[in-house]
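Structure assessment
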Amino acid sequence: RAEVLIRDDDDGVVEFKDTKKCSVKSGTWHDPYTDKIFHDVKEVDVDHVVPLENAHESGAWAWSSERRREYANYLGYNKHLLAVSASENRKKGSKGPDRYMPPNKAFWCDYVRIFLKIKEDWELEVSEKEGGKIEEILAHCP
């Protein structure tokens, strides 16, 4: 969590709760889902763009516990985990794009591209409903 909050901080200046620098106290985060700025770390969650439950149902059920842990904490692609509004993340839950799209429509094209890249990179199945929604959105993207 701390690594993503540090990485996604807009001004590059986060405050820590203590000298160990393991827990972030405050910073500045732009949530692409809502297009809002947050300064209070309590209002920010770290979201898996492809939620853990969705990944499990899409093929991660067959992975080793090590591979699942790697997926859950993956920082090799800076869009795999995003700092977003905590309340919006809860609304999203484990839903794919067929059942959830961020309220910030300007982010829709990026959102489905990120979702699709993660599914492809991790060799996860894209459901028929997810694929239909992704195609529908991408048809209107530049």
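As the structure is a prediction and not an experimental result, all values here were calculated from the model. (Residues numbered from 1 in each chain as written. Predicted model: local features only at pLDDT ≥ 70, side-chain atom pairs only at ≥ 80, totals over all residues. Heavy atoms only, no water.)

1. A short note on unusual backbone geometry
Unlike most non-glycine residues, Asp-35 shows phi in positive territory, near 65°. The residue Asp-35 is located in the loop between strand S2 (24-31) and strand S3 (36-40) in this model. The backbone phi angle of Glu-123 is positive, close to 55°, even though this residue is not glycine. With respect to the helices and strands, the residue Glu-123 is situated in the loop between helix H5 (108-121) and helix H6 (128-138). Take Glu-123: its relative accessible area is 73%, and that puts it in the exposed class. (Helix = DSSP H or I, 4+ residues; strand = E, 2+ residues; numbered from the N terminus. Buried < 20%, exposed > 50% of the residue type's maximum accessible area, 1.4 Å probe, protein only.)

2. A few points about the packing of aromatic side chains
Throughout the structure, instances matching the rule amount to nine aromatic pairs. Centre to centre, the rings of Trp-63 and Trp-122 are 5.6 Å apart; their planes meet at 45°, and the pair counts as tilted. Residue Trp-63 is found in the loop between helix H2 (52-57) and helix H3 (65-72), and its partner Trp-122 is found in the loop between H5 and H6; the two are separated by 59 residues along the sequence. There is no split in this pair, since Trp-63 and Trp-122 are both buried. Residues Tyr-74 and Trp-122 carry aromatic rings whose centres are separated by 5.1 Å and whose planes lie at 85° to one another, so their mutual orientation is edge-to-face. Linking Tyr-74 in the loop between H3 and strand S5 (81-85) with Trp-122 in the loop between H5 and H6, this pair joins segments that are 48 residues apart in sequence. Accessibility expressed as a relative area gives 6% for Trp-122, which makes it buried. Cluster of aromatic residues (ring-pair linked, three or more members): Tyr-33, Tyr-100, Phe-107 and Tyr-111. The residue whose ring lies beneath Arg-67 is Trp-63, and the NZ or CZ to ring-centre distance is 5.1 Å. Between Lys-117 and the ring centre of Tyr-77, over which it is positioned, the NZ or CZ distance is 4.8 Å. (Phe/Tyr/Trp six-rings, centres within 6.5 Å; stacked < 30°, edge-to-face > 60°. Lys NZ or Arg CZ within 6 Å of the ring centre and 35° of its normal.)

Keep in mind these numbers describe shape, not what the thing actually does.
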